Amino acid sequence: MNDLIPVQMIIPAIPAPTGNLDDVQANIDNLISGFAGRVYTADEIKSAKSDRAQLNKWDEQLADASKAIKGTYLERVNPTLDRISKMRGQVKQAAAAIDRQVKNVEEAERSDKRNALESVYRNAGPDISLMIPFDRILDRKWLNKTTSTEAASRELRKIVIQHRSCINIIRENCGSDVETCIATYVETLSLNEALNEHKRREDIRNAVKQADAAMRAETAAR
């Protein structure tokens with residue numbers, strides 16, 4: 001592939017436009033000072049309209065001068081700017097085509113890495129993977145080039161161990177609520193939420209028992 005010829009532009013010294021702007025500025029400053037703070041009465045509306053027309057005339061003359069300067073200078077540089085713009089379009093189009101290929105390859109690599117990590121997940125925790133889908137625990141940074149598959153796999157195995165430990169705690173502490181609490185854990189991935197669900201159900205059962213006991217005591221008293 002040929003190297004791109006360095007872009008060089010020789011910008012000639014363009015003389016600045018000349019005119020009587022200093023005199024015009026002094027004239028405007030002097031005349032406008034007469035309008036500063038002036039309040040026109042109802043009888044002076046004709047004079048106000050005349051002053052307004054004069055100000056608008058100055059603005060039109062200044063706008064025409066600005067347009068003339070832009071037209072003259074842009075007429076010289078527009079053909080060059082158009083050529084540069086066209087070449088930039090060619091370069092961007094070629095770069096975009098390459099960029100699409102690069103992104104396709106990178107996306108394929110990310111997909112392969114994801115599949116490899118999912119396989120690690122299934123092998124490290126077949127019991128956990130049946131309950132918690134891989135996408136629930138996938139950290140997108142694992143798919144970046146900056147994170148190796150080995151490092152991501154180690155982190156993934158630690159997560160499997162953590163989830164298995166939490167589920168074992170639920171099985172040891174939630175009694176008859178174990179299935180419901182495991183379902184809560186799978187939904188929230190929070191051990192506290194799962195244990196709180198057991199406590200909530202236990203409190204309800206205790207309240208029911210107390211109510212039954214109170215009713216039986218009342219019946220016996222009668």
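About the criteria used
- Residues numbered from 1 in each chain as written.
- Predicted model: local features only at pLDDT ≥ 70, side-chain atom pairs only at ≥ 80, totals over all residues.
- Heavy atoms only, no water.
- Axes fitted to C-alpha atoms, helices over the stretch in contact; angles between N-to-C directions.
- Helix = DSSP H or I, 4+ residues; strand = E, 2+ residues; numbered from the N terminus.
- Parallel < 35°, antiparallel > 145°, perpendicular 65-115°, else oblique.
- Left-handed = near helix turned anticlockwise from the far one by under 90°.
- Contact = heavy atoms within 4.5 Å.
- Nonpolar A, V, L, I, M, F, W, Y, C, P; charged D, E, K, R; others polar.
- Salt bridge = Lys/Arg side-chain N within 4 Å of Asp/Glu carboxyl O.
- Buried < 20%, exposed > 50% of the residue type's maximum accessible area, 1.4 Å probe, protein only.

Q: Help me understand the packing of helix H5 (residues 149-173) against helix H6 (residues 178-188), please; the structure alone is not making it clear to me.
A: In a pair of packed helices, the angle between the axes and the distance between the axes together describe the arrangement. Between H5 and H6, the least distance of the axes is 9 Å, while the angle of their chain directions is 150°. With respect to H6, the axis of H5 lies roughly antiparallel. The chirality of how H5 crosses H6 is right-handed. On H6, the residues touching Gln 162, His 163, Cys 166, Ile 167, Ile 170 and Arg 171 of H5 are Val 178, Cys 181, Ile 182 and Tyr 185. Partitioned by chemical class, the residues of the contact of H5 with H6 number seven nonpolar, two polar and one charged.

Q: What should I look at first to understand the pattern of salt bridges in this one?
A: For side chains bearing opposite charge, pairing can occur when the charged atoms are close. This structure, assessed with the given rule, holds twelve salt bridges. As a salt-bridge pair, Arg 164 and Asp 127 come within 3.0 Å of each other at their nearest N and O atoms. Note that Arg 164 is positioned in helix H5 and Asp 127 in helix H3 (residues 126-131), a separation of 37 residues in sequence. The exposure class of Arg 164 is partly exposed, given its relative accessible area of 26%. Looking at Asp 127, the relative accessible area reads 35%, which means it is partly exposed. Through salt bridges with shared partners, a single network forms among Arg 114, Glu 118, Arg 122 and Asp 135.

Q: For this particular structure, what's the right way to read H6?
A: For the α-helix, the turn length of 3.6 residues means that residues three or four positions removed from each other point alike. Among the residues making up H6, those that are buried are Val 178, Cys 181, Ile 182, Thr 184, Tyr 185 and Val 186. On its buried face, H6 sits against H3, helix H4 (134-137), H5 and helix H7 (191-221). Positive phi appears at Leu 189, one or two residues downstream of H6, with a value of about 55°.

Q: Help me out: how do you make sense of the side chain of Ser 153 in this one?
A: Relative to the helices and strands, Ser 153 resides in helix H5. Contact partners of Ser 153, with chain neighbours within four places excluded, come to Leu 117 and Val 120.

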